[in-house]
Amino acid sequence: NIRLYADRTILELNQHRPAKGNRASWTARNTKGRSGLVALGSLLVALEATDWVVTTQSNWSRLLVALVGDGDDQIRVVDLRPGDW
């Protein structure tokens, strides 16, 4: 039984983001902090999973892997874009 969840953060916050770059402080100000709340909600949902598809060149994916660990036999992580860190 497979359940697939996609993170809606980018869809919900895209209209509040600057045209260039990933300026989280700018987005947080424009959403009156909602961007942080949405991000934490996404993290809580992600932590419920036992399998992830990530890109460890992404800081968000690195955080997730660090929180859940990748050496546990019960947890599977597939890295689409491995990065050295």
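The text that follows walks through the structure, step by step, so that each part is easy to find.

Scanning the protein chain from terminus to terminus reveals 4 helices and 2 strands. Buried positions account for 22% of the 85 residues belonging to the protein chain. Of the contacts made within the protein chain by residues no fewer than 6 positions apart, 41% connect residues no fewer than 24 positions apart. A total accessible area of about 6900 Å² is found for the protein chain, and carbon and sulfur atoms account for 53% of it.

With respect to the secondary-structure elements, Gln15 resides in the loop between helix 1 (9–13) and helix 2 (24–30). The exposure class of Gln15 is exposed, given its relative accessible area of 66%. Distance from Gln15 to Thr31, taken between C-alpha atoms, is 9.8 Å for residues 16 residues apart in sequence.

Along helix 4 (residues 59–68), the positions that sit buried rather than exposed are Ser61, Arg62, Leu64, Val65 and Val68. Around the axis of helix 4, the buried residues are gathered within 160° of arc, so they sit on the same side. Relative to its buried face, helix 4 has exposed residues pointing more than 90 degrees away, namely Asn59 and Ala66. Among the structural elements, helix 3 (34–46), strand 1 (51–54) and strand 2 (76–79) are those in contact with the buried residues of helix 4.

Grouped together as the largest cluster of nonpolar side chains are 6 residues: Leu43, Trp52, Val54, Leu64, Val65 and Val68. If you list the elements that add at least two residues to this core, you get strand 1 and helix 4. Of the residues forming this core, the biggest block, 3 residues, is contributed by helix 4. Leu64 has contacts with Leu43, Ala46, Leu47, Trp52 and Val54, leaving out every residue within four places of it along the chain.

Looking at where Leu43 falls in the secondary structure, it is placed in helix 3. Considering only alpha carbons, one finds Leu43 and Trp60, 17 residues apart in sequence, at a separation of 9.0 Å.

This part is about the pairing of strand 1. Burial along strand 1 is one-sided: the face carrying Trp52 and Val54 is buried and the face carrying Asp51 and Val53 is not. With 4 bridges connecting them, strand 1 and strand 2 associate as parallel partners. Pairing of Val53 across the sheet is with Val78, part of strand 2.

Scoring rules and cut-offs
Residues numbered from 1 in each chain as written. Predicted model: local features only at pLDDT ≥ 70, side-chain atom pairs only at ≥ 80, totals over all residues. Heavy atoms only, no water. Helix = DSSP H or I, 4+ residues; strand = E, 2+ residues; numbered from the N terminus. Buried < 20%, exposed > 50% of the residue type's maximum accessible area, 1.4 Å probe, protein only. Contact = heavy atoms within 4.5 Å. Areas by Shrake-Rupley, 256 points an atom, 1.4 Å probe, with all protein chains shown as cover. Arc of directions from axis to C-beta. Core = buried A, V, L, I, M, F, W, Y, C linked by side-chain atoms within 4.5 Å. Pairing = 2+ DSSP bridges.

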